Amino acid sequence: MILLSNVTKQYGNLKAVDDVTLEVKEGETLVLLGTSGCGKTTTLKLINRLEELTDGTIEVAGTDIKHQKPEELRRKIGYVIQGAGLFPHYTVQENIAVVPRLLHWKKDKTHSRTLEVLELLKMPPQQYLHKYPHELSGGQQQRVGLARALVANPPVILMDEPFGALDPITRNSIRREFKNLEALRNKTTVLVTHDVQEAFELGDRICLMDDGEVQQLGTPQELIFRPANAFVTHFLKEHLFQLQLQVLYLHQLRPFLPPAAQDIASNVLSIAETANVLEATQLLIATGAIQQGLILEATTAIPAQSATLTDLMAAVERLTPTLRP
Ligand SMILES: Nc1ncnc2c1ncn2[C@@H]1O[C@H](COP(=O)(O)OP(=O)(O)OP(=O)(O)O)[C@@H](O)[C@H]1O
């Protein structure tokens, strides 16, 4: 869907992006992760031509972006930036109408689509249409920013630190909400963050950058269990335990858990086996059921299985060597 081939962006002597080649597949969320100044934002801005390439090519939906007018290209690409970037003197309605106005939509169409996107983002239109950005919380502003990016239903969404301006608690809950948004599910999304947790929570794949170069591009599991080099290992070291639990799914543990019990008490907690091990661990701890354990609910016909925290950790220990090279 988006193809970067040998992309370089140079500012004077500095190569902000250095010979980057990567593909973002249709419908996936690719996270650009890395420390400040490693070239994430520049890479994103090259895709919608807010910056121009020094070298290499970028294709969006099979067409070289050089051969498209920037305005035309940007109609196919929603753009969400840190702090939402709303116009302070425009109401929510006016902020969302910016793109439809550029597209010369009729008023009726703009109005009905505005109502629709606000509903999609769980912001009742009657309550929010006429509010100004300063009357909204950071999370609500971020949602309006996303509504504006989604209003023309572009197939591609670029997000630059979309949750960066929020406090950690709001950030976590908004992030979780965004992850489950139907409106974003089939979009091809590139999201920039320097937050490791965020990258692992939202990315189908993660591209870890340093000094303008790609250090590794892979699934969260690949980065954790098959780091490409010492930089990747070092970058993830601090968060490794939690990330390991986050990238392992309960169904993967099944072969390493004790056999399914015949008569599982009906009052035991249960969790879908599609959940990750971190979620299961958090549930056990939050409900004080560490000794009692929980039931892994199968999505297929195989029987449910019960496991305590000790069982889960033992299974993780037996599974992880099989994932390493
Ligand atoms: N317009 C510009 N002119 C000169 N140098 C620039 C320009 N834009 C970015 N740079 C430099 O290019 C490098 C990459 O910047 P970029 O904004 O892409 O990094 P980033 O990974 O997004 O960082 P952050 O997380 O801090 O936003 C940095 O060294 C930055 O100073």
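These numbers were taken from a predicted model, which means no experiment stands behind them.

Quick word on the side chain of Q246
Thought 1: Positionally, Q246 belongs in helix α13 (residues 240-247).
Thought 2: Dropping the residues within four chain positions of it, Q246 is found in contact with Q197, F200, E201, N276 and L278.

A look at the confidence of the model for the protein chain
Thought 1: Looking at the protein chain as a whole, the pLDDT averages 88, with 94% of positions reaching at least 70.
Thought 2: If you check the scores for this complex, the pTM reads 0.89 and the ipTM reads 0.96.

Comments concerning the nonpolar core
Thought 1: Ranked by internal contacts, the top residues of the largest apolar core, which has 64 residues, are L146, F200, L236, L250 and L253.
Thought 2: A per-element tally of this core places helix α16 (residues 309-323) first, with six residues.
Thought 3: Judged by nonpolar contacts, the second largest core, of 24 residues, contains L4, L46, I58 and V156.

Quick word on the sheet that holds strand β10 (residues 213-218)
Thought 1: One open sheet holds the six strands; their spatial order is β6-β7-β8-β3-β9-β10, and the pairing between them is mixed. A strand with exactly one partner marks an edge of an open sheet, and here the two such strands are β6 (77-81) and β10. For this sheet, the mean angle separating the axes of adjacent strands, direction not counted, is 15 degrees.
Thought 2: Relative to strand β8 (residues 188-193), helix α1 (residues 40-47) is tilted by about 150 degrees, and along the sheet it contacts β3 (29-33), β6, β7 (156-160), β8 and β9 (205-210).

Some points on a negative patch on the surface
Thought 1: A contiguous patch of negative charge on the surface is contributed by D19, D55, D211 and E213.
Thought 2: One can find D55 in strand β4 (residues 55-60).
Thought 3: Judged by relative accessible area, D55 falls into the partly exposed class, the value being 49%.

Section: the site of the ligand
Thought 1: Around the ligand sit Y11, L14, A16, T35, S36, G37, C38, G39, K40, T41 and T42, and those are all the residues in its vicinity.
Thought 2: Between Y11 and the ligand, the recorded distance is 3.5 Å, taken from a side-chain N or O atom to a nitrogen atom.
Thought 3: For the ligand, an oxygen atom lies 2.9 Å from a polar atom in the side chain of K40.
Thought 4: Coverage of the ligand by the protein chains reaches 58% of its 630 Å² of free accessible surface.
Thought 5: Taken together, the elements giving at least two residues each to the shell around the ligand come down to β2 (14-24) and α1.

Some details on helix α15 (residues 277-286)
Thought 1: All buried positions along α15 are accounted for by V277, L278, A280, T281 and L284. Projected down its long axis, α15 shows its buried positions confined to an angular sector of 160 degrees, all on one face.
Thought 2: Buried residues along α15 sit in contact with α13, α14 (250-253), β11 (269-272), β12 (294-297) and α16.
Thought 3: Where α15 begins, the capping side chain belongs to N276, and its oxygen is found 3.1 Å from the backbone nitrogen of L278.

Thoughts on the pairing of β12
Thought 1: As judged from the four bridges shared by β11 and β12, these two strands associate in the parallel manner. Bridged to S270 within β12 is I295.
Thought 2: Note that β12 and strand β13 (residues 305-307) share three bridges and pair antiparallel. Following the sheet pairing, L296 is matched in β13 by Q305.

Things to note about helix α5 (residues 107-120)
Thought 1: Under the 1.5 Å per step criterion, the end-to-end length of α5 is 20 Å for 14 residues, consistent within 8% with the ideal 20 Å.
Thought 2: When α5 is considered as a whole, its buried residues turn out to be T110, R113, T114, V117 and L118. Take α5 and look down its axis: the buried residues cluster within an arc of 135 degrees, on one side only. Pointing more than 90 degrees away from the buried face of α5 are the exposed residues D108 and E119.
Thought 3: Just downstream of α5, K122 is the residue with a positive phi angle, here 60 degrees.

Describing the side chain of R148
Thought 1: Within the fold, R148 resides in helix α7 (residues 138-150).
Thought 2: We note that R148 is buried and unpaired, the nearest opposite charge coming from E94 at a distance of 11 Å.
Thought 3: The residues contacting R148, other than those within four sequence positions of it, are A84, G85, L86, F87, N95, I96 and V99.

So, how was this worked out
Residues numbered from 1 in each chain as written. Predicted model: local features only at pLDDT ≥ 70, side-chain atom pairs only at ≥ 80, totals over all residues. Heavy atoms only, no water. Helix = DSSP H or I, 4+ residues; strand = E, 2+ residues; numbered from the N terminus. Contact = heavy atoms within 4.5 Å. pLDDT = per-residue confidence, 0-100. Core = buried A, V, L, I, M, F, W, Y, C linked by side-chain atoms within 4.5 Å. Buried < 20%, exposed > 50% of the residue type's maximum accessible area, 1.4 Å probe, protein only. Pairing = 2+ DSSP bridges. Axes fitted to C-alpha atoms, helices over the stretch in contact; angles between N-to-C directions. Patch = residues over 30% accessible without salt bridge, like charges linked within 9 Å, V, L, I, M, F, W, Y side chains within 5 Å. Areas by Shrake-Rupley, 256 points an atom, 1.4 Å probe, with all protein chains shown as cover. Salt bridge = Lys/Arg side-chain N within 4 Å of Asp/Glu carboxyl O. Lys, Arg positive; Asp, Glu negative; His and termini not counted. Charge placed at Lys NZ, Arg CZ, Asp CG, Glu CD. Near = heavy atom within 4 Å. Polar contact = N/O pair within 3.5 Å; in protein donor to acceptor, adjacent residues only side chain to side chain. Arc of directions from axis to C-beta. Expected span 1.5 Å × (residues − 1).

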